[in-house]
Amino acid sequence: MPTPHENREAGVRVPPGGRDAGVPAPPRGREPARPTPPAPPGGRGPLPTPPENRVLSPYTGWTRPHWEAAADRLLFDVRPFASPRHGLIDLPGPRPSWSGPRSDGLEGWARTFLLAALRVAGAHGEDPHGHLDRYARGLAAGTEQPGREDAESWPLMAGTRQAVVESASVALGLRLTRPWLWDRLDDRVRARVAEWLLPALGPSPVDNNWWLFGLTVAGFLRDAGIETDRAAATIDRSLARVEDWYLGDGWYSDGDNRAFDHYNAWALHFYPVLHAHLSGDRALLDRYGPRLRAHLDDHVHLFDANGAPVPYGRSLIYRFAAAAAPWLGALTGHTPLTPGATRRLASGTLRYFLDRGATDGRGLLTLGWHGPYSPLVQEYSGPGSPYWASKGFLGLLLPAGHPVWTDPEEPLPAERADTVRAFAPAGLLVQTTAADGLVRLHNHGSNHVHSREGGEDDPGYARQAYSTRTGPTTGSAPADNHFALLDAGGRATTRGPAVPAGTGPGWAASLHVPRPGVRILSATLAHGAAELRAHLVLGAPEGTPVRQTGWATTPDGPHARLDPVHGHPPEEPAAPLPVGETLQGPGGRVLALYGTTRGPAALFASLASLSAEPGPAPGADPARVRVAGHALHVTWEDGTTADLDLDALL
């Protein structure tokens, strides 16, 4: 690389080169592309959908051209909401994020820029729709006078913390498209962009996955020859902090409070592994690649046969970003998945959301799961936030001739065999059934980063189980999959932080404190579609009422059972409780069992099941359970047995 020169106007050292116009030049030896005709009102240009290919893709029908068309469609449909000079993309929505409309406009720009970068880089710079030209003009306009309250200017990181997050998408997009965008920008524009990015090299203002935004910015700046020593120090510092949260077997906690969710896949593995790959750093890839592979061994089990990932944790509006890590495994070679299984997973996930209304009538991704669903949305999210789903298009970086695009699709684990698998570091237990492709995730160790004893529960973390086709309930509705003590007014205790008490073949357990002086040891044993749920209540006053709830089902969803085994009166069947709308749709309900404590250690056990198969005959039990003290012996319907002594877990 040529020796950097000083751009005195901006005070940033950038490599020489660039053009006067601030937009990419056409590659040498090629005629400039003809201008793309403007899209009709609403942004919807003439983009035909390719026909399905059920020979190559028997499960989803989708191939690489479908992904390219989907990316182009999403990019065309945000165009009408760009500012006059393309510096911001102000998408409509029910409310701004807590960072404010200007930050939201940057977010809409940065996250869709990442999608454009993946689309164009995957096509080796071919850009017939002129995506990069628009974002090049936006770079020039947004950084011309950053911090100003006008129609184009980006907010500064010093006053808008969310800009740190968006700087990572900006930097990653520039890194991916460097030959076609950055290297052809006017020197003054490059200097301004670098000046805007540099504050991201400081310590992270949030002590979780945010450290990786600085890593991502530093990776680009170092490659571009800008502040290389500072960038290298940021890379080392960021990776060192995240290392503190690595618990083994492919699992990171997102911060200090055992927060496990999809951020493992779309952030904590995504950024370090992709940085190592783009840097050509074999030592880093040898460290982080095997971790990604180990995580994918578990992650692949979280996808339903219908394509849905398990909705647990936060930022679920990012939807098909859950496919980013499987694509990354294929890109780097660190994956347990075959190429056909990788595409089947990713295409199934993208189709799942696009076929169920993830985009509105204008083609915009909404704040929700299928369609809009406000109880799911955190206050930090604004109208542009769902476009973090752009990461799910990472597979476009793989060339068209790669086996991930040319091999026939293969089935997911949920389609091949029944599975019960513990994710030991996270205290999670996944349960899948091949007959209906349904996935259940039992939670005995994941907590919201802010959870505390006696505090409000976050429905994305505090439930004892999640599935791809149910709940969770939100707001004032009874919590699904929750064991609680009830006060005199019938109010249920929260769960608070769950401390893992162990995992083993077919089971997981945890401890939590619902009230001062009271502990509850909870355990789940699973087999097929059935679950034994056991709770040992320690130290509660004699006669304390308790309630166990089951799955939050909707009228057109799977059917659930909840039957008393021990501690709950056997003559009192589960009572249905209305819970209103969940992310799966309206008309939700949960089943509930009740009981009261007896003695200083009171055991409650129930059998639950969730299935999309035809219901069992009346009275048919999914298992037989024998209770001896606090020891459980289970004989499942197929004759398989399991034992668990709760006292041994204390």
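Residues numbered from 1 in each chain as written. Predicted model: local features only at pLDDT ≥ 70, side-chain atom pairs only at ≥ 80, totals over all residues. Heavy atoms only, no water.

1. Observations regarding the overall build of the protein chain
In step 1: Along the protein chain, the regular secondary structure elements total 13 helices and 21 strands.
In step 2: For the protein chain, the C-alpha radius of gyration of 26 Å lies close to 26 Å, the compact-globule estimate for 650 residues.
In step 3: For the protein chain, the C-alpha atoms occupy an extent of roughly 80 × 50 × 45 Å along the three principal directions.
In step 4: Counting only residues that meet the buried cut, the protein chain has 62% of its 650 residues in that class.
In step 5: Across the protein chain, the fraction of contacts at a sequence separation of at least 24, relative to all contacts at a separation of at least 6, is 70%. (Helix = DSSP H or I, 4+ residues; strand = E, 2+ residues; numbered from the N terminus. Rg over C-alpha atoms; globule rule 2.2 N^0.38 Å. Buried < 20%, exposed > 50% of the residue type's maximum accessible area, 1.4 Å probe, protein only. Contact = heavy atoms within 4.5 Å.)

2. Focus on unusual backbone geometry
In step 1: Here the amide bond leading from Gly471 into Pro472 is cis, since omega sits at -5°, within 30 degrees of zero.
In step 2: Mapped onto the elements of the fold, Pro472 is located in the loop between β8 (465-467) and β9 (483-485).
In step 3: Positive phi, close to 55°, is recorded for Arg258, a residue that is not glycine.
In step 4: Tracing the backbone through its elements, the reader meets Arg258 in the loop between β4 (251-252) and α8 (263-279).
In step 5: Of the residues examined, Arg258 reaches a relative accessible area of 22% and is grouped as partly exposed.
In step 6: Not every positive phi belongs to a glycine, and Ser315 is a case in point at roughly 55°.

3. Points about the packing of aromatic side chains
In step 1: Evaluation of the coordinates by the stated rule reveals 28 aromatic pairs.
In step 2: Ring centres of Trp251 and Phe260 lie 6.1 Å apart, and the angle between their planes is 80°; this geometry places the pair in the edge-to-face category.
In step 3: Judged by its relative accessible area of 1%, Trp251 is buried.
In step 4: Aromatic pair Tyr263 and Trp388: ring centres 6.0 Å apart, planes at 45°, arrangement tilted. (Phe/Tyr/Trp six-rings, centres within 6.5 Å; stacked < 30°, edge-to-face > 60°.)

4. Examining the pattern of salt bridges
In step 1: Summed over the entire model, instances satisfying the criterion amount to 28 salt bridges.
In step 2: Note that Asp183 is salt-bridged to Arg178, the shortest N-O span being 3.0 Å.
In step 3: Residue Asp183 is classed as partly exposed on the basis of its relative accessible area, which comes to 33%.
In step 4: Here Arg241 ties to Asp244 by a salt bridge, and the two come within 2.8 Å at their closest N and O atoms.
In step 5: Among the charged side chains, a network of salt bridges with common partners joins Glu52, Arg54, Arg351 and Asp355. (Salt bridge = Lys/Arg side-chain N within 4 Å of Asp/Glu carboxyl O.)

5. Some remarks on helix α7 (residues 228-243)
In step 1: An ideal rise of 1.5 Å per residue puts 22 Å on 16 residues; α7 measures up with 23 Å between its terminal C-alpha atoms.
In step 2: Where α7 is concerned, the buried positions are Ala231, Thr234, Ile235, Ser238, Leu239, Arg241 and Val242. End-on, the buried residues of α7 take up no more than an arc of 160°, which puts them together on one face. What points out from α7, more than 90 degrees from its buried face, is the exposed set Asp229 and Asp236.
In step 3: Among the structural elements, α6 (211-223), β3 (246-248), β4, α8 and α9 (282-299) are those in contact with the buried residues of α7. (Expected span 1.5 Å × (residues − 1). Arc of directions from axis to C-beta.)

6. Observations regarding the pairing of strand β5 (residues 419-423)
In step 1: Examined bridge by bridge, β5 and strand β6 (residues 428-433) share five bridges and lie antiparallel to one another. Considered in β6, the bridge of Ala422 is made with Leu429.
In step 2: Linkage of β5 to β6, two consecutive antiparallel strands, is achieved through a turn of four residues, within which Gly427 is found at a positive phi near 70°. (Pairing = 2+ DSSP bridges.)

7. Brief notes about the nonpolar core
In step 1: With 138 residues, the main nonpolar core has Leu174, Leu197 and Phe393 as its most contacted residues.
In step 2: The element that contributes the greatest number of residues to this core is helix α2 (residues 101-122), accounting for eleven residues.
In step 3: Those residues in contact with Phe393 that sit more than four places away from it in its chain are Trp67, Ala70, Ala71, Leu74, Leu115, Leu118, Phe320 and Leu350.
In step 4: Leu532, Leu536, Leu538 and Leu646 belong to the second-largest nonpolar core, a separate cluster that totals 23 residues. (Core = buried A, V, L, I, M, F, W, Y, C linked by side-chain atoms within 4.5 Å.)

8. Notes on the sheet that holds strand β10 (residues 499-504)
In step 1: Spatially, the six strands line up as an open sheet ordered β10-β11-β12-β13-β18-β15, and their pairing is antiparallel. Two strands in the sheet have a free side with no partner beyond their single neighbour: β10 and β15 (559-566). Averaged over all adjacent pairs, the angle separating strand axes in this sheet is 20°, with direction ignored.
In step 2: In this sheet, strand β18 (residues 601-611) lies alongside strand β13 (residues 530-538) in antiparallel orientation, the contact comprising nine bridges. (Axes fitted to C-alpha atoms, helices over the stretch in contact; angles between N-to-C directions.)

9. Section: the sheet that holds strand β16 (residues 575-582)
In step 1: Ordered by their spatial adjacency, four strands build an open sheet running β9-β14-β17-β16, and the pairing between neighbours is antiparallel. Sheet topology places β9 and β16 at the edges, where each strand pairs with a single neighbour. Strand-to-strand twist of the sheet, defined as the mean angle between neighbouring strand axes without regard to direction, takes the value 30°.
In step 2: Both strand β14 (residues 545-549) and strand β17 (residues 585-596) contribute to a ladder of five bridges, which runs antiparallel.

10. Focus: the environment of Asp133
In step 1: Note that Asp133 resides in helix α3 (residues 131-142).
In step 2: We classify Asp133 as partly exposed; its relative accessible area is 34%.
In step 3: For the pair Asp133 and Trp180, spaced 47 residues apart in sequence, the C-alpha separation works out to 9.8 Å.

11. Considerations on the side chain of Thr493
In step 1: Note on placement: Thr493 falls in the loop between β9 and β10.
In step 2: The contact partners of Thr493, leaving out residues within four places of it in the chain, are His482, Ala484, Leu485, Pro514 and Arg515.

12. Focus on the side chain of Thr419
In step 1: Relative to the helices and strands, Thr419 is located in strand β5.
In step 2: There is a polar contact of 3.4 Å between the side chain of Thr419 and the backbone oxygen of Ala417. (Polar contact = N/O pair within 3.5 Å; in protein donor to acceptor, adjacent residues only side chain to side chain.)

13. Things to note about the environment of Pro272
In step 1: Looking at the element boundaries, Pro272 is found in helix α8.
In step 2: For Pro272, a relative accessible area of 2% puts it in the buried group.
In step 3: For Pro272 and His334, which are 62 residues apart along the polypeptide, the C-alpha to C-alpha distance reads 13 Å.
In step 4: For Pro272, the contacting residues outside a window of four places in its chain are Leu212, Leu215, Leu239, Ala267 and Tyr288.

14. Things to note about the packing of α9 against helix α10 (residues 324-332)
In step 1: Put simply, α9 and α10 touch, their axes get as near as 10 Å, and they point 135° apart. With respect to their mutual orientation, α9 and α10 come out oblique. As α9 packs across α10, the resulting crossing turns out to be left-handed. Between α9 and α10, the contacting residues are Leu285, Leu292, Leu296 and His299 on the first element and Ala325, Pro326, Leu328, Gly329 and Thr332 on the second.
In step 2: Taken together, the residues that form the contact of α9 with α10 break down as six nonpolar, three polar and no charged. (Parallel < 35°, antiparallel > 145°, perpendicular 65-115°, else oblique. Left-handed = near helix turned anticlockwise from the far one by under 90°. Nonpolar A, V, L, I, M, F, W, Y, C, P; charged D, E, K, R; others polar.)

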